[in-house]
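Summary of structural features
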Amino acid sequence: MAGLALSMALPATDSARAQTAPPALGVQSQPVESQPQQIELLPAPVERENPGLINEIGKLFEKSKSVLPQLKSPSETINDLSNIARPSTMVTGRAACVVASNGAPDCKIGADRLCQSKGFKEGKSIDTDASEKCSPLVYLPGHKRGPNDCKTENFVTRAVCQ
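The sections below set out a description of the structure shown in this document. (Residues numbered from 1 in each chain as written. Predicted model: local features only at pLDDT ≥ 70, side-chain atom pairs only at ≥ 80, totals over all residues. Heavy atoms only, no water.)

**Points about the sheet that holds strand β5 (residues 150-161)**
Ordered in space as β1-β5-β4, the 3 strands form an open sheet in which the pairing is antiparallel. Taken across any chain shown, the strands that pair with only one partner, and hence form the sheet edges, are β1 (89-96) and β4 (123-134). Across the sheet, the axes of successive neighbouring strands diverge by a mean angle of 20 degrees, strand direction being ignored. Looking at chain direction, β1 and β5 are connected through 6 bridges and run antiparallel. The partner of T92 across the bridge, within β5, is R158. Across the sheet, helix α4 (residues 107-117) lies against β1, β4 and β5, angled at about 55 degrees from β5, the strand it touches most. (Pairing = 2+ DSSP bridges. Helix = DSSP H or I, 4+ residues; strand = E, 2+ residues; numbered from the N terminus. Axes fitted to C-alpha atoms, helices over the stretch in contact; angles between N-to-C directions. Contact = heavy atoms within 4.5 Å.)

Printed below as a string of C-alpha cells:
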C-alpha cells in the first residue's frame, strides 16, 4: 500500500512543480487585468501613388475613355459599312431650300428634291447658292428701299444622292 500512496503523490508533486516553474525560453506571461482595455483605432494608411511607367499608362487609359468615342456594336458597324457600300452619285442642278421656323434655310429638303429629280431617293447638299429677290418697286427711280422689299433665297446647286 505504501507503494501505491507514493505513486499517487508523485504526479501531484510534478503538477505542483509545473505550476511554479519559470517560463521557458524567455517568454513572460502577462498578469490578467480585471478592467477592459481600450483599443485605439488608427486611420487607414493612405495609398501612396506609384509614379512608375505602368501606373502612368493606366492613367492614360483612364483619361482616354472620356476622349475617345464609344465603340459601336457589331450590328452598328455592319450598318455603317453597308451605308458606305451603297452607290451614291453627285448631281448638279438648282433646287430651292425651304425656310425653317427660325428663319434659317433648311437645304435638306432642297437636296432631296434635287436628287429625286434625277431619279434618286434622297440626298445631302454639297454646294448652295443664295440670291436676292426684290419687288419691282425697288428698281423705280426715287423709291426708298424698305426692309421687306427684298428677300434672300437659298438653293442647293450640288448634292450627293443615294
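**Description of the side chain of D112**
Looking at the element boundaries, D112 is found in helix α4. The buried category is assigned to D112, whose relative accessible area is 16%. (Buried < 20%, exposed > 50% of the residue type's maximum accessible area, 1.4 Å probe, protein only.)

**Details of the pattern of salt bridges**
Considering all chains together, one arrives at 5 salt bridges under this definition. When the shortest N-O distance is used, the salt bridge between K108 and D112 registers 3.0 Å. Of the two residues, K108 and D112 are both situated in helix α4; the distance of 4 residues between them amounts to about one turn of the helix. Across the salt bridge formed by D127 and R158, the nearest N and O atoms sit 2.3 Å from each other. (Salt bridge = Lys/Arg side-chain N within 4 Å of Asp/Glu carboxyl O.)

**What to know about the nonpolar core**
Counting residues in hydrophobic clusters, the biggest one holds 10 residues: V91, A95, C97, C107, A111, L114, C115, V156, A159 and C161. When residues of this core are traced back to their parent elements, those giving at least two are β1, α4 and β5. Top element by residues in this core is α4. It accounts for 4 residues. Among residues more than four places away in sequence, those in contact with L114 are V91, T92, G93, R94, A95, V156, T157, R158 and A159. (Core = buried A, V, L, I, M, F, W, Y, C linked by side-chain atoms within 4.5 Å.)

**Details of the state of the cysteines**
Inspection of every chain in the model, using the stated rule, returns 3 disulfides. Covalent S-S linkage joins C115 and C161, the inter-sulfur distance amounting to 1.8 Å. Across the S-S bond of C115 and C161 the torsion is about -80 degrees, and the bridge reads as left-handed. Of the two residues, C115 is situated in helix α4 and C161 in strand β5; the sequence distance between them amounts to 46 residues. C161 shares its class with C115; the two are buried. Disulfide pairing places C134 opposite C150 at an S-S distance of 2.0 Å. Between C134 and C150, the S-S dihedral sits near 110 degrees, and the bridge is therefore right-handed. Highlighted residues: C134 in strand β4 and C150 in strand β5, separated in sequence by 16 residues. (Disulfide = S-S within 2.5 Å.)

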